[in-house]
Amino acid sequence: MDFCDEKSMISQRFRGFLPVVIDVETGGFNSQTDAVLEIAATFLRMDDSGQLEPDETVSYNVEPFEGANLEPAALEFTGIDPHNPLRQAQKEVTVMGELMKRIRQQVKASGCTRAVLVGHNAHFDLGFVLAAIERSSIKRNPFHPFSVMDTASLSGLAYGHTVLARACQLADIDFDNNEAHSAAYDALKTAELFCQIVNRWQQLGGWRWP
């Protein structure tokens, strides 16, 4: 097949949207009141044969915003100490400004018009991202405001399991539970899972290039 260049390939594949894999680690479940403590983004690319693959991952440790709630159970679950100086955490407004700028640059470079968030239980991540964007007064939000690509749903369809670790195992993707609940690690594994499902669906004839 005579493929077009990589820019238009990824744009055609997702109708002008650029999938960006996001994972957040937080101080609770309420996006309006609970802190974002870590955020990571894994960018995706297409190889010369039209196969989707993970590219660069960027990650940040985030200072809780002023007045943020920190649920002890959430901190115990993630193992994050928000006040540990070794985290070298940055202010939320700084992190979100830098990350959204990088995503806008990726959208433009890929020939797409907007980013769409890919995540495992993606509406959870989107809720925290949108809340942090609003707190940071960012006017140019690159993400679609409500559409997502959710690997929990996709892996339930493809592998019969919705938990990230188990879905990765069923997909023959290495998964280290000791590394889990790090935003960078979970974003990368979510990206690998998403790419495998997309590529497999294409191989089965569920997607054909125009």
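Under the annotation held in an unreviewed UniProt entry, the protein chain carries the name Ribonuclease T and is attributed to Zhongshania guokunii. Its UniProt record gives the protein chain the following Subunit (unreviewed entry) comment, quoted word for word: "Homodimer."

Observations concerning the sheet that holds strand E4 (residues 114–119)
Within a sheet, adjacent strands bond to each other through the backbone by hydrogen bonds, running parallel or antiparallel. With mixed pairing, 5 strands are arranged side by side in an open sheet as E3-E2-E1-E4-E5. Of all strands in the sheet, those bounded by a partner on one side alone are strand E3 (52–61) and strand E5 (143–150). Between one strand axis and the next, the sheet turns by 35 degrees as a mean value, whatever way the strands run. Here E4 pairs with E5 via 4 bridges, running parallel. Bridge pairing in E5 places Val-118 opposite Met-149. Most of the contacts of helix H4 (residues 122–135) go to E5, to which it runs at about 160 degrees, and overall it touches strand E1 (17–26), strand E2 (36–46), E4 and E5.

Overview of the UniProt feature "site: Important for substrate binding and specificity" (unreviewed entry) in the protein chain
Feature annotation in UniProt assigns "site: Important for substrate binding and specificity" (unreviewed entry) to the following positions: Phe-29, Phe-77, Phe-124 and Phe-146. On the basis of their most widely separated C-alpha atoms, the annotated residues across 118 residues do not gather in one place, lying as much as 27.4 Å apart. Among the annotated residues just listed, those that line the largest pocket are Phe-29, Phe-77 and Phe-124. Mapped onto the secondary structure, Phe-29 falls in the loop between E1 and E2. Those residues in contact with Phe-29, other than ones at most four positions away along the chain, are Asp-34, Phe-124 and Phe-128. If you trace the backbone, Phe-77 turns up in helix H2 (residues 72–78). Owing to a relative accessible area of 55%, Phe-77 belongs among the exposed residues under this scheme.

Some remarks on the pattern of salt bridges
Counted according to the given criterion, the structure contains 5 salt bridges. Between Glu-63 and Lys-91 there is a salt bridge, with the nearest N and O atoms lying 3.6 Å from each other. Placement of Glu-63 in the loop between E3 and H2 and of Lys-91 in the loop between H2 and helix H3 (92–109) is noted, with a sequence separation of 28 residues between them. Looking at Glu-63, the relative accessible area reads 31%, which means it is partly exposed.

Digging into the packing of aromatic side chains
Inspection of every chain in the model, using the stated rule, returns 5 aromatic pairs. Seen from their ring centres, Phe-124 and Phe-128 are 4.9 Å apart, and the 50 degrees between their planes marks the pair as tilted. Of this pair, Phe-124 and Phe-128 both sit in helix H4, 4 residues apart, roughly one helical turn. Taking relative accessible area as the criterion, Phe-124 reaches 29% and is therefore assigned partly exposed. According to the relative accessible area criterion, Phe-128 is buried, its value standing at 1%. Aromatic side chains Phe-175 and Tyr-185 sit 5.5 Å apart centroid to centroid with 65 degrees between the ring planes, which places their arrangement in the edge-to-face category. A residue pair is termed long-range when its members are at least 10 positions apart, and Phe-175 in the loop between helix H6 (164–170) and helix H7 (183–203) and Tyr-185 in helix H7 qualify at 10 residues. Phe-175 sits in the buried class, given a relative accessible area of 16%. One aromatic cluster is present, formed by Phe-29, Phe-124 and Phe-128 through successive ring pairs. Directly above the aromatic system of Phe-14 lies the positively charged group of Arg-13, at a separation of 5.0 Å from the ring centroid.

Basis of the calculations
Residue numbers here run from 1 along each chain, matching the order of that chain's written sequence. At least 70 in pLDDT is required for a residue's local features to be given in this predicted model, at least 80 for side-chain atom pairs to be given and counted, and no such filter applies to totals for whole chains, interfaces and linings, which use all residues. To get the side-chain values, take all heavy atoms of the structure and skip hydrogens and water. UniProt positions are given in the numbering used here, feature names are shortened, and annotations may be inferred rather than shown by experiment. Think of it this way: DSSP has to see at least two bridges between two strands before they count as a pair. Going along the chain from the N terminus, every DSSP run of H or I of four or more residues is numbered as a helix, and every run of E of two or more is numbered as a strand. Axis angles are defined between N-to-C directions and span 0 to 180 degrees, where every axis is a line fitted to C-alpha atoms and, for a helix, only to the segment in contact. Residue contacts are counted whenever heavy atoms from the two residues lie within 4.5 Å of one another. In the cavity and pocket records, a cavity denotes points on a 1 Å grid over the protein atoms alone where a 1.4 Å probe fits but cannot get out, a pocket denotes an open set with protein on both sides within 12 Å along at least 5 of 7 lines, and lining residues are residues with an atom within 4 Å of a point. Type-normalised accessible area, obtained with a 1.4 Å probe on protein chains alone, sets the label of each residue: buried when under 20%, exposed when over 50%, and partly exposed for intermediate values. Here, a salt bridge means any Lys or Arg side-chain nitrogen found within 4 Å of an Asp or Glu carboxyl oxygen. A pair of aromatic rings is counted whenever rings of Phe, Tyr or Trp (Trp by its six-membered ring) have centres within 6.5 Å, and the orientation is called stacked for planes under 30 degrees apart, edge-to-face for over 60 and tilted otherwise. Two thresholds decide whether a charge sits over a ring: the Lys NZ or Arg CZ must be within 6 Å of the ring centre and within 35 degrees of the ring normal.

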